[in-house]
Amino acid sequence: MKTPFINKEQLEAIATEFPTPFHLYDERGIREKARALYAAFAWNKGFKEFFAVKATPTPAILKILHEEGCGADCASYVELLMSNKCGFDGSEIMFSSNDTPADEFKFAKKLGATINLDAYEHIAYLTELSDFEFPETMSLRYNPGGVFAMGTKIMDNPEESKFGMTKSQLIQGIKDLQKLGVKRFGMHSFLASNTVTNDYYPELARQLFELALEIRTETGVKLDFINLSGGVGVNYRPDETANDISVIGSGVHKVYDEVLSANGLGEVKIFTELGRFMLAPHGLLATRVLHKKKTYRTYIGVDASAVNLMRPAFYGAYHHITVMGKENSEMLETVDVTGSLCENNDKFAKQRELPVIEEGDLLVIHDTGAHGFSMGYQYNAKLRSSEILLQTDGTPRLIRRAERPEDYFATLMGFDF
Ligand SMILES: *Cc1c(COP(=O)(O)O)cnc(C)c1O
């Protein structure tokens, strides 16, 4: 059973002040998660988490993570700008972008962010820019190709992934960059998304650590850092078990000692760029039931729609739903939970067994703290919802107001509202 981080009474109280739908974040949970991550990697002297900003690009959240010692992982101009405005200095910003425009490389350089090169070809591209000088530290993104398997289980398909460069490109890239004055190097790789296993990071780490030895042999370079990137997942489904970051941290530690320390590379810093793992369970989407409709199925129509949470419509992703106040009800029925978009994939749940729902009930859609609000859009001229922080002292704080019609009209030319 999955339990929301807030009870019905508290949530109803917030909903009287701030109309549904809204995303609510749990400050306490976020801080505890960051502390657990840092504790799990305390064995590594230079460890740092660069939170993947795309997961939850909300300044109040970024500031909490910054206070907990995290940096920011950015992939676009505005993410860089936001991180800079939130007080992250260059050493706390990773720029892991792909298909990157020249201006964004230059802006990242200006901020002093670490640029994580996605493509070997970008070295020539940057060399040809008249006003770009290579920084002293550069990172390169590795893609091993093939399939990424753990035991007999295929986790993902790097061969098909647009990200990163091959091993020979990576090694050649380091040689080229050395000639261009780069002095310190890092390596990054992201091989599987939303892994619900404590073995993903250790397995990824082993592959990267072994490659680090090869890089030293081929180029003489001792890597400064290895970035394990994102991919540690969450238990969206009630029958899944949450990853245990302390087990993950000691799994990486063991491989680190075996492969790196044992071969004279015990100074390498470990970086992570977790997004989902840090935030998903610490956010929820609160939505109220507007209508109940019966045709060939029973439909529960709520005031949120796929514009507020795209993952179910986009990937068929499962998000658990709690009917607040009816957690222990034994009166169940099978329903589709829908929004109001003119799109039949606008469903938060299909043929799900839930407690019997009535109009006016408040629903919690779980695990929306990452890739939730941030993947929102404005189809059907729907406006983006508010975001609220449940602060450590239990009081709510509005951290993003809901959009108004004038926000939607603001970019239109020759249209006077
Ligand atoms: C999306 C992304 C992440 C975060 O991934 P999660 O699955 O949310 O942990 C980290 N690094 C890069 C480069 C990404 O694109």
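Residues numbered from 1 in each chain as written. Predicted model: local features only at pLDDT ≥ 70, side-chain atom pairs only at ≥ 80, totals over all residues. Heavy atoms only, no water.

## Things to note about the overall build of the protein
Selection criterion: Here a strand is any run of E in DSSP of at least two residues, a helix any run of H or I of at least four, and the numbering for each starts at the N terminus. Using C-alpha atoms as the atom set, the radius of gyration is obtained and then compared with a globule rule of 2.2 Å times the number of residues to the power 0.38. Burial here depends on accessible area, computed with a 1.4 Å probe over protein chains only, as a share of the maximum for the residue type. Under 20% is buried, over 50% is exposed, and the range in between is partly exposed. Contact criterion: two residues are considered in contact whenever any of their non-hydrogen atoms come within 4.5 Å of each other. To be clear on the numbers: accessible area is Shrake-Rupley with a 1.4 Å probe, and residue cover counts the displayed protein chains and nothing else.
Secondary structure assignment for the protein yields 12 helices and 19 strands. Since a compact globule built from 417 residues should have a radius of gyration of about 22 Å, the 23 Å found for the protein is in line with a globular shape. Its C-alpha atoms give the protein principal-axis dimensions of roughly 70 × 55 × 45 Å. The buried share of the protein, taken over its 417 residues, is 54%. Excluding contacts between residues fewer than 6 apart, the proportion of contacts in the protein whose partners are at least 24 apart in sequence is 70%. Taken as a whole, the protein presents about 18,600 Å² of accessible surface, with 49% of it coming from carbon and sulfur.

## Re the packing of aromatic side chains
For any two aromatic rings, the description comes down to two numbers: the centre-to-centre distance and the angle of the planes. The criterion, for reference: Only centres within 6.5 Å qualify two rings of Phe, Tyr or Trp (six-membered ring in Trp) as a pair; their planes then separate them into stacked at under 30 degrees, edge-to-face at over 60, and tilted for everything else. A ring is scored as having a charge over it whenever the NZ atom of a lysine or the CZ atom of an arginine sits within 6 Å of its centre and within 35 degrees of its normal.
Using the criterion set out here, one finds 17 aromatic pairs in the structure. A centroid spacing of 4.6 Å and a plane angle of 25 degrees characterise the contact between Phe 225 and Phe 271, whose relative ring orientation is stacked. A residue pair is termed long-range when its members are at least 10 positions apart, and Phe 225 in strand 10 (residues 225-227) and Phe 271 in strand 11 (residues 269-272) qualify at 46 residues. Taken together, the aromatic side chains of Tyr 38, Phe 41, Trp 43, Phe 47, Phe 209 and Tyr 256 make up a single cluster linked through ring pairs. The side chain of Lys 33 reaches across the aromatic face of Phe 277, ending 4.3 Å from its centre. The ring of Phe 132 has Lys 109 sitting right over it, with the charged end atom 6.0 Å from the ring centre.

## Overview of unusual backbone geometry
With an omega of -5 degrees, the peptide bond between Thr 20 and Pro 21 qualifies as cis. For Gln 351, which is not glycine, the phi dihedral falls at a positive 50 degrees. Looking at the secondary structure, you find Gln 351 in strand 16 (residues 347-355). Gln 351 gets classed as partly exposed once you look at its relative accessible area, which sits at 41%.

## A word on the sheet that holds strand 11
For clarity, the threshold we go by: By the convention used here, strands pair only if DSSP detects at least 2 bridges between them. The angle between two axes is taken between their N-to-C directions and runs from 0 to 180 degrees, where each axis is a line fitted to C-alpha atoms and a helix contributes only its stretch in contact.
Spatially, 2-3-4-5-6-9-10-11 is the arrangement adopted by the eight strands of the closed barrel, whose pairing is parallel. In this sheet, adjacent strand axes meet at a mean angle of 25 degrees when their direction is disregarded. Direction of pairing for strand 9 (residues 184-188) relative to strand 10: parallel, over a ladder of three bridges. Along strand 10, the bridge assignment pairs Gly 186 with Phe 225.

## What to know about the site of the ligand
The condition that has to hold: Proximity criterion: a residue is near a molecule or strand once any of its heavy atoms comes within 4 Å of it. N or O atoms closer than or at 3.5 Å make up a polar contact, with two conditions inside protein: a donor-capable atom paired with an acceptor-capable one, and, for residues adjacent in sequence, both atoms drawn from side chains. Three residue categories are used. Nonpolar comprises Ala, Val, Leu, Ile, Met, Phe, Trp, Tyr, Cys and Pro, charged comprises Asp, Glu, Lys and Arg, and polar comprises the others, including Gly.
Taken together, 15 residues sit near the ligand, with Lys 54, Glu 273, Gly 275, Arg 276 and His 371 positioned nearest. A distance of 2.7 Å separates an oxygen atom of the ligand from a polar side-chain atom of Lys 54. One of the backbone N or O atoms of Gly 231 is found 3.2 Å from an oxygen atom in the ligand. Against a free-state accessible area of 380 Å², the protein chains account for coverage of 90% of the ligand. Among the residues making up the shell around the ligand, the classes are represented as three nonpolar, seven polar and five charged.

## As for helix 4 (residues 77-85)
Note the threshold: Think of it as the arc spanned by the lines of direction from the helix axis to the C-beta atoms.
Regarding helix 4, the residues found buried are Glu 79, Leu 80 and Ser 83. Down the axis of helix 4, the sector holding all buried residues measures 100 degrees, keeping them to one side. Opposite the buried face of helix 4, at more than 90 degrees from it, the exposed residues are Val 78 and Lys 85. Of the surrounding elements, those touching the buried residues of helix 4 are strand 3 (71-74), strand 4 (93-96) and helix 5 (102-111). Of the residues one or two after helix 4, Gly 87 is the one with positive phi, at around 100 degrees.

## Topic: a nonpolar patch on the surface
To keep things clear, this is the line we draw: Like-charged residues within 9 Å of one another, or nonpolar side chains (Val, Leu, Ile, Met, Phe, Trp, Tyr) within 5 Å, are grouped into patches, provided each residue has over 30% relative accessible area and no salt bridge. Counted as salt bridges are all cases of a side-chain nitrogen of Lys or Arg within 4 Å of a carboxyl oxygen of Asp or Glu.
A contiguous nonpolar surface patch, about 330 Å² in accessible area, is contributed by Leu 412, Phe 415 and Phe 417. As for its position among the elements, Leu 412 is in the segment after helix 12 (405-409).

## Some remarks on the side chain of His 319
Checked against the element boundaries, His 319 lands in the loop between helix 11 (311-315) and strand 14 (321-323). If we skip the residues at most four places from it in the chain, His 319 touches Tyr 236, Leu 309, Arg 311, Pro 312, Phe 348, Arg 352, Ile 365, His 366, Asp 367 and Thr 368.

## Notes on the confidence of the model for the protein
The line we're drawing: Each residue gets a pLDDT score, which is the predictor's confidence in that residue and runs from 0 to 100.
Averaged over all residues, the pLDDT of the protein equals 97, while 100% of them reach at least 70. The spread of mean pLDDT over the elements of the protein runs between strand 8 (residues 153-156), the lowest at 90, and strand 1 (residues 22-26), the highest at 99.

## Re the packing of helix 7 (residues 167-179) against helix 8 (residues 200-219)
Note the following rule: Oblique is the label for any angle not under 35 degrees, not over 145, and not in the 65 to 115 range, which are roughly parallel, roughly antiparallel and roughly perpendicular in turn. Each crossing gets its handedness from the near helix: less than a right angle anticlockwise from the far helix is left-handed, clockwise is right-handed.
One can describe the packing of helix 7 onto helix 8 by two numbers: an axis separation of 11 Å at closest approach and a directional angle of 45 degrees. In terms of orientation, helix 7 and helix 8 fall into the oblique class. Taken as a pair, helix 7 and helix 8 cross one another with a handedness that is right-handed. Of helix 8, the residues touching helix 7 (which contributes Lys 167, Leu 170, Ile 171, Ile 174, Lys 175 and Gln 178) are Leu 211, Glu 214, Ile 215, Glu 218 and Thr 219. Residues of the contact of helix 7 with helix 8, tallied by class, amount to five nonpolar, two polar and four charged.

## Focus: the environment of Gly 266
Take Gly 266: it is sitting in the loop between helix 9 (245-260) and strand 11. Exposure remark for Gly 266: the relative accessible area of 38% places this residue in the partly exposed category. Gly 266 sits 63 residues away from Ser 329 along the chain, and the two C-alpha atoms are 55 Å apart.

## Here's the deal with the environment of Met 331
Inspection of the secondary structure assignment puts Met 331 in the loop between strand 14 and strand 15 (332-338). Its relative accessible area of 58% is what places Met 331 among the exposed residues. Along the sequence, Met 331 and Glu 128 sit 203 residues apart, while their C-alpha atoms lie 68 Å from each other.

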